Amino acid sequence: MAFVETVLAIVTSMLLYIFLPPLLDGIERKIRAKIQTRYGPPTILQTWYDIIKLSSKELRIPPTLQYSIFLFILALSLSITTLYLLSYILISFDIYTLTIIIVLIISTHSLLILVSTLSSNPFSIIGVFRGLTIDIVNEMGFIASIPLYYLSIKTFDSSVKSFILLLFSILFIFIVSYVGSKRLPYDLHEAEPELASGSIIEFSGPMLALYLYLHLIDRYTIIALPITMGIGIGLAVTPFVSLFFIHVIAALVYIIFGAVAALLGRSRIDIAVKTLMLIYLLIIIAWIVVKLI
Amino acid sequence: MDSGEANMSGASMVSAHSTNIVGDAISKIMEFKDKVFSIEQRGGIVRIKIHRDILPHIVQRLAILKGIYLRTMMASDERGLEGVYRLYYVFGVDKEHTNLVFEVALPQEDPKVPTVVDINRASDWYELEAHDMLGVEFLNRKLYRLVLPEDWPEKVHPLKKEYSVSELLKLYRPKAVEYAKEIGAENIVTIPIGPYHPALHEPEFFELYVRGEKVIDARYMGFMVHRGIEKLGENMKYDQVPFLAERICGICGFVHSTSYCQAVENALDIDVPERALFIRSIILEIERIHSHLLWVGVALHLLGYDTGFMHSWRIRERVMILAELLTGSRKTYGINVVGGVRRDIDNDKIRKAIDVLNYVREEFKKLVEISINVPQVTARLRGTGVLPLGEAIALSLVGPTARGSGLDRDVRRDYPYAAYKYVSFRVPTYSEGDNLARTLVRVDETFESIDMLYQLLDKLPSGSIRNESWSVEPYRLGIGSVEAPRGEVIHVLLTGEYSPYRWRVRAPTYQNLPAIPIMLKGIDLADAPLTIASIDPCFSCTDRAIVVDVDRNTVKSIPIEALSLKGTRAIR
């Protein structure tokens, strides 16, 4: 592939990864408003406007969060690197790059959690630790789902058995993506704002803008990853075609996730953990059983 | 007169006209005939004057009888009339539609009476309030301030007749200003926030003692914004009070104005035109529908199901518009007056009301079907915030809170008022006692109210809507009770020359709040907001911040100003 074409594909993909998440959030907000018979934000660009406006405010950092700005910058750098690798993987898919992407995603999650736990606000801490509990379960699911999904695609041979395996692994990885997006019923970190609020309550101005942006990029990344893997491994198409499919499918899944969230209530930490562990275990066992038959 | 003869004749008269429970109660009371001064029956009220020494024994005897509960207690300063303070314990006998009112006179020089709180737990707050407001001493119990603020001057009891409202305003100045100066915060605005608002964002204060995510115990503190409405009412004319009464609650104020008017009408034997009774019932049921829709929305919001919340309030909006059509206001209707109502309903309005009811019934049915099928909603409602029937009976609970625990109690059926005797309706009860049961009671009641409204609108009789030919006879006792959306509201009134001599208001939350700590024990922290909201509480607006360090066994109050300053300094 020509160097220029490669660079162009990567740059286009990067730009889409950078621009799309807040835009999709704007679309999700509009759809959710429609479902709830509200007007919602005036435009689908509203989340972008929010981020830009917050960024223009004064920087105020509470004392216990003094160093959080550096951790945020580090998380942003890791996210951008993840986006680059997700774009690069279109040109040359290999398992090593995929491993690095997974490590980077988990590292970004860890950094964001670390920032949250620095808060001295007990109400925030309650929410943060709820979120942390769900994250621990889900990260395990994330780590388990990737190899199953990878193997399902790699060994796909159009048989019923491989189709079932692929179906299980797709279900698994998208449940993990959904839970990782911290939407209802798993938005426990910000649950019961009267009792427990997560990290968001501690941030304002540019810090909040950065946190929101990182969160939205993370939501989009964990949806785009399995789609990228599927197209990268399963389909031999040009980078631009792959790029088109990835972002269209990812955007669709993102919006479906948003619409599903509008139809659900909030879980409770004990119910959420038990349910997720049960679902993940059942899928893993079912996958192994089908594989061994 | 021989008091013994009077007692016996009074008792015989009551027994002859009373059914089982009231008759049994009178028989038991007559065991103390030397200290029972008189028994009178008028309408559904049996007034029994007793000596203060036998009060605990009487309450003990009543506790044995099933179907009797403490509805309210009024303490009154009657030194100007008979040189005594008087306590009126109102016990209800639901099945026989009768109120037993025990009147205990306390000499002004020695206003002491044995407590009954160890026999009847529901009397706890009534005794504390009587102590605060009139200085009545209840023996053999710990007395502390319930209603009055901590910095209220000692020995100033605001319901005593020697204090006027203006004098009380001079006597009490909150220490908040001095306190603000002490902490160097006199120039900042005090904003009531937190420590947390478990539900409905009102001035409730719950201390939840938690281990991990489990609530191991809970404590409630309230009465932070006592408005002195009863005292204000004593200085207003009879027809002015309904407008004040309606402002007691921001959601279901009409129940209070109705209850007040009924108390006056009951005391003075005023005949209210039938059409006015129907109009009162119509507005009361509309109020119940919009209140329940509001609650359903809030409950779904607390469960994170905001789509349900939005739709519930969308449906409610039509009911609010209907209320405006019928009364001229979305809320605080101001149509109740003693002897009737001030605003009529014509056929055009009836037709429009039926259209709205059709819409609400269909839309609410859909909403309920969808919401109940949301897995998180059912999972978090079922089995949480359980209140056993025994506790509901012991605490004399009322409304959907009681009915959700299987206690079949509804003023509309048990003490018929307004036009409820002309319509048929079911009283939904559930025995589970959990948040789901209380939710389903309200859901069923909404549909029942819609059905009732169809009947009321259909049967609305012709005629006048107000009886203006009534006159005041002082020192007569009246009771007015209404089944509000949150439960029974009861107003007890002693008439005066130009204004109520004493007006006692008891809202349902007063009766139901002591049940919350029981419901909260052992539940998950995440379910605390919904559990508190499940009684549909009605508070008003202030908060205080407090930090409890269980490990160090210390309690530290933090003024919100200090928190604010600390936060401001921190980010400089």
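Note that the structure is a prediction, hence the values are computed from the model and not measured.

Visitor: Looking at this structure, I do not really get the overall build of chain A. What am I missing?
Guide: Check the secondary structure of chain A and you find nine helices and zero strands. For 293 residues, the compact-globule formula gives about 19 Å, and the C-alpha radius of gyration of chain A, at 19 Å, lands near that figure. When its C-alpha atoms are laid out on the principal axes, chain A stretches across 55 × 50 × 40 Å. Considering only contacts in chain A between residues 6 or more positions apart, those separated by 24 or more positions represent 78%.

Visitor: What should I look at first to understand the overall build of chain B in this one?
Guide: From N to C terminus, chain B includes 22 helices and 16 strands. Per-residue burial for chain B yields a buried fraction of 48% across its 572 residues. When contacts within chain B are restricted to residue pairs at least 6 apart in sequence, those whose partners lie at least 24 apart make up 70%.

Visitor: Quick question: what am I supposed to make of the domain arrangement of chain B here?
Guide: Size of an interface, as often reported, equals the accessible area lost when the parts are brought together. Residue and element names in this part refer to chain B. As far as domains go, chain B holds domain 1 (3-160) and domain 2 (229-335 + 348-517). Distance from the C-alpha centre of domain 1 to the C-alpha centre of domain 2: 27 Å. At the junction of the two partners, domain 1 supplies 23 residues and domain 2 supplies 23 residues. Listing elements by their share of the side of domain 1 that touches domain 2, those giving two or more residues are β2 (45-50), β3 (68-78), β4 (84-93), β5 (98-107) and α5 (124-134). In terms of residue count, the dominant contributor to the side of domain 1 that touches domain 2 is β3 (six residues). Taken together, the residues of the side of domain 1 that touches domain 2 sort by class into 12 nonpolar, six polar and five charged.

Visitor: Just to check I follow, could you spell out the sheet that holds β2 of chain B for this structure?
Guide: One key point about sheets: their strands pair by backbone hydrogen bonds, in either a parallel or an antiparallel sense. All names here are of chain B. On the basis of which strands lie adjacent, the open sheet formed by five strands has the order β1-β2-β5-β4-β3 and mixed pairing. A strand with exactly one partner marks an edge of an open sheet, and here the two such strands are β1 (36-42) and β3. Across the sheet, the axes of successive neighbouring strands diverge by a mean angle of 20 degrees, strand direction being ignored. Strand direction decides the pairing type here: β1 and β2, joined by six bridges, are antiparallel. Opposite isoleucine 39, over in β2, you have isoleucine 48 as the bridge partner. Sitting on the sheet, helix α2 (residues 20-29) is in contact with β1, β2, β3, β4 and β5, with an inclination near 25 degrees to β5.

Visitor: I would appreciate a short explanation of helix α12 (residues 306-327) of chain B in the present structure.
Guide: What sets the pattern is the α-helix's 3.6 residues per turn: residues three or four places apart point alike. With 22 residues, α12 of chain B ought to run about 32 Å at 1.5 Å a step, and its terminal C-alpha atoms sit 31 Å apart, in line with that. Once α12 of chain B ends, the next one or two residues include glycine 328 of chain B, with phi positive near 95 degrees.

Visitor: Explain the sheet that holds strand β12 (residues 477-484) of chain B here, please?
Guide: Residues and elements named next belong to chain B. Spatially, three strands are ordered β12-β13-β14 in an open sheet, and the strand pairing comes out antiparallel. Each edge of the open sheet is held by one strand with a lone partner, namely β12 and β14 (500-506). For this sheet, the mean angle separating the axes of adjacent strands, direction not counted, is 15 degrees. The sheet contact formed by β12 and strand β13 (residues 487-495) spans eight bridges and is antiparallel. Looking across to β13, one finds that isoleucine 479 is bridged to valine 492. Taken strand by strand, helix α10 (residues 253-268) contacts β12, β13 and β14, and its axis lies near 150 degrees from that of β12.

Visitor: Teacher, can you tell me more about the UniProt feature "transmembrane region" (unreviewed entry) in chain A here?
Guide: Residues and elements named next belong to chain A. Using the residue numbers shown here, the UniProt feature "transmembrane region" (unreviewed entry) corresponds to residues 6-24, 67-89, 95-115, 127-150, 162-180, 220-238, 244-264 and 271-290. Helix makes up 100% of residues 6-24 and strand 0%, with an end-to-end C-alpha separation of 26 Å. A helix fraction of 96% and a strand fraction of 0% characterise residues 67-89, whose end C-alpha atoms lie 33 Å from each other.

Visitor: What's the story with the nonpolar core in this structure? I'm lost.
Guide: In globular proteins that are soluble, nonpolar side chains generally tend to be buried together. Counting residues in hydrophobic clusters, the biggest one holds 222 residues, and the most contacted among them are Tyr220 of chain A together with Ile48, Met73, Ala75, Leu87, Leu100 and Ala299 of chain B. Among the elements that line this core, the one with the most residues is helix α11 (residues 274-302) of chain B, at 17 residues. Two domains share this core, each providing at least three of its residues, namely domain 1 (3-160) and domain 2 (229-335 + 348-517) of chain B. When sequence neighbours within four positions are dropped, the list of residues in contact with alanine 75 of chain B reads Tyr85, Leu87, Ala130, Met133, Leu134 and Val136 of chain B. In terms of nonpolar packing, the next biggest core, distinct from the first, is built from five residues, Phe123, Ile126, Val128 and Phe129 of chain A among them.

Visitor: Looking at this structure, I do not really get the environment of lysine 237 of chain B. What am I missing?
Guide: Examined against the element boundaries, lysine 237 of chain B turns out to sit in the loop between α8 (229-233) and α9 (241-245). Filtering out sequence-adjacent residues up to four positions away, lysine 237 of chain B remains in contact with Tyr498 and Ser499 of chain B.

Visitor: How should I be thinking about the environment of serine 431 of chain B in this particular structure?
Guide: All names here are of chain B. Among the structural elements, serine 431 can be located in the loop between α17 (411-414) and α18 (435-459). Overall, the presence of 12 C-beta atoms within 10 Å leaves serine 431 in the exposed class. Along the sequence, serine 431 and leucine 460 sit 29 residues apart, while their C-alpha atoms lie 35 Å from each other.

Visitor: Where do I start with helix α7 (residues 205-234) of chain A in this structure?
Guide: All names here are of chain A. Taking 1.5 Å per residue as the helical rise, α7 with its 30 residues ought to reach 44 Å, and the 43 Å between its terminal C-alpha atoms agrees with that figure. For α7, the principal kink sits at alanine 224 and spans about 25 degrees; a proline, proline 226, occurs within the next four residues. Burial of α7 is extensive: 23 of the 30 residues sit out of reach of the surface.

Visitor: Before we go on, may I ask you to explain the interface of chain A and chain B in this structure?
Guide: Listed by partner, the interface residues are 25 residues for chain A and 26 residues for chain B. Considering every element that reaches the side of chain A that touches chain B, the biggest residue donor is helix α9 (residues 269-292) of chain A, with three residues. Its residues placed into classes, the side of chain A that touches chain B shows 14 nonpolar, four polar and seven charged.

Cut-offs used in this document
Residues numbered from 1 in each chain as written. Chains lettered and ligands numbered in written order. Predicted model: local features only at pLDDT ≥ 70, side-chain atom pairs only at ≥ 80, totals over all residues. Helix = DSSP H or I, 4+ residues; strand = E, 2+ residues; numbered from the N terminus. Rg over C-alpha atoms; globule rule 2.2 N^0.38 Å. Contact = placed C-beta atoms within 7 Å. Buried ≥ 20, exposed ≤ 12 C-beta atoms within 10 Å, placed from the backbone. Domains from an automatic or database assignment. Nonpolar A, V, L, I, M, F, W, Y, C, P; charged D, E, K, R; others polar. Pairing = 2+ DSSP bridges. Axes fitted to C-alpha atoms, helices over the stretch in contact; angles between N-to-C directions. Expected span 1.5 Å × (residues − 1). UniProt positions renumbered as here; feature names shortened; annotations may be inferred. Core = buried A, V, L, I, M, F, W, Y, C linked by C-beta atoms within 7 Å. Bend = angle between axes of the 7 residues up to and from the residue.

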